[in-house]
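An overview of the molecular structure
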Amino acid sequence: MRRREVFSEMHTIQMTINGRPWSGAVEDGETLLETIRVRLGLTGTKRGCEVGECGACTVLIDGVPATSCLYLSSLADGKSITTIEGMAVNGRLHPIQQAFVDAGAVQCGFCTPGMILSSYALLQRNPHPTREEIQTALSGNMCRCASYEQITKAVQMAADVLSSLCASQQQN
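What comes next concerns the included structure.

Here is what the cut-offs are and how they apply
Residue positions within a chain follow its written sequence, with the count starting from 1. At least 70 in pLDDT is required for a residue's local features to be given in this predicted model, at least 80 for side-chain atom pairs to be given and counted, and no such filter applies to totals for whole chains, interfaces and linings, which use all residues. Where side-chain values are given, they derive from all heavy atoms of the structure, hydrogens and water being excluded. Relative accessibility decides the category of a residue: with a 1.4 Å probe and only protein chains considered, values under 20% of the type maximum give buried, values over 50% give exposed, and everything between is partly exposed. Helix and strand assignments follow DSSP, with helices taken as H or I runs no shorter than four residues and strands as E runs no shorter than two, numbered in order from the N terminus. When DSSP finds two or more bridges between a pair of strands, those strands are recorded as paired. A fitted line through C-alpha atoms represents every axis, and for helices the fit uses only the stretch in contact; the resulting angles, taken between N-to-C directions, go from 0 to 180 degrees. Should any heavy atoms of two residues lie within 4.5 Å, those residues are considered in contact. Any two cysteine sulfur atoms lying within 2.5 Å of each other are counted as a disulfide. Each nonpolar core is a collection of buried residues, namely Ala, Val, Leu, Ile, Met, Phe, Trp, Tyr and Cys, held together in the definition by side-chain atoms within 4.5 Å.

1. So, the pairing of strand E3 (residues 58-61)
Burial of E3 is two-sided: the residues Thr58 and Leu60 facing one way and the residues Val59 and Ile61 facing the other way are all buried. Sheet topology note: the E3/strand E4 (residues 64-67) ladder contains four bridges and is antiparallel. Following the sheet pairing, Ile61 is matched in E4 by Val64. Between the end of E3 and the start of E4, which pair antiparallel, lie two residues, with Asp62 showing a positive phi angle near 50°. Of the strand pairs in this sheet, E3 and strand E5 (residues 80-82) are connected by two bridges, and their pairing is antiparallel. Considered in E5, the bridge of Ile61 is made with Ile81.

Written out as structure tokens, the structure is:
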């Protein structure tokens, strides 16, 4: 954690992280990124630019993508937070994660958690996005490897898989 003022106050917060309740003390000015990585040990959320531009620190707060490097932990009190570690289903990759692997959208992997979480939020509100809608939804996430074509393809593949899963569940 970054060095804080000598007289930093502590605040107790309660939140749900990846479906599990968590309660703990956080410092004034402590970001959600710091809480997630340092206090909770969930290192899938990446520390990138620390100014909210790159999207590497993206998490879902009550289902909405947010840059955790700018979000104060004290504001997460009572919220539900999802990190990349919360995406797996019964120990298996979520279909979106699998689509990223299958489409070759995972290169260095630094942007991948934020891209996947932003993709998840998009597909929750729009199960059949156009290419342009995918690009708009992911515009807050930067890929230094320039894998944008593979990432767009991965989201399209995930949309198809999730639609198929939904259709088969409705038939049963």
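2. Observations regarding the sheet that holds E5
A sheet is described by the order of its strands in space; here five strands give the open sequence E2-E1-E5-E3-E4, paired in mixed fashion. This sheet does not close on itself; its edge strands, each paired only once, are strand E2 (20-27) and E4. Taking the axes of each pair of neighbouring strands and ignoring which way they run, one obtains an average angle of 40° across the sheet. The pairing of strand E1 (residues 10-17) with E5 spans two bridges and is classified as parallel. For Thr16, the partnering residue across the bridge sits in E5 and is Ser80. Along the sheet, helix H3 (residues 112-125) makes contact with E3, E4 and E5, crossing E3 at roughly 35°.

3. Details of the state of the cysteines
This structure, assessed with the given rule, holds zero disulfides. Looking at the unpaired Cys69, the closest cysteine sulfur is the one in Cys57, lying at 3.6 Å. A residue is classified by how much of its surface remains accessible, and Cys69, at 6% relative accessible area, is buried.

4. Describing the nonpolar core
Membership of the largest hydrophobic core comes to 24 residues, with the highest contact counts inside it found for Phe100, Met115, Ile151 and Val155. Only helix H2 (95-102), H3, helix H4 (131-137) and helix H5 (148-171) provide two or more residues apiece to this core. A total of six residues in this core trace back to one element, the largest contributor, which is H3. Here Phe100 is in contact with Ala105, Val106, Thr112, Met115, Ile116, Ser119, Ile151, Ala154 and Val155, once residues within four sequence places are set aside. If you look at the next biggest cluster of nonpolar residues, it comprises 14 residues, including Trp22, Leu42, Ala66 and Ile81.

Taken by themselves, the reported measurements are silent on function.
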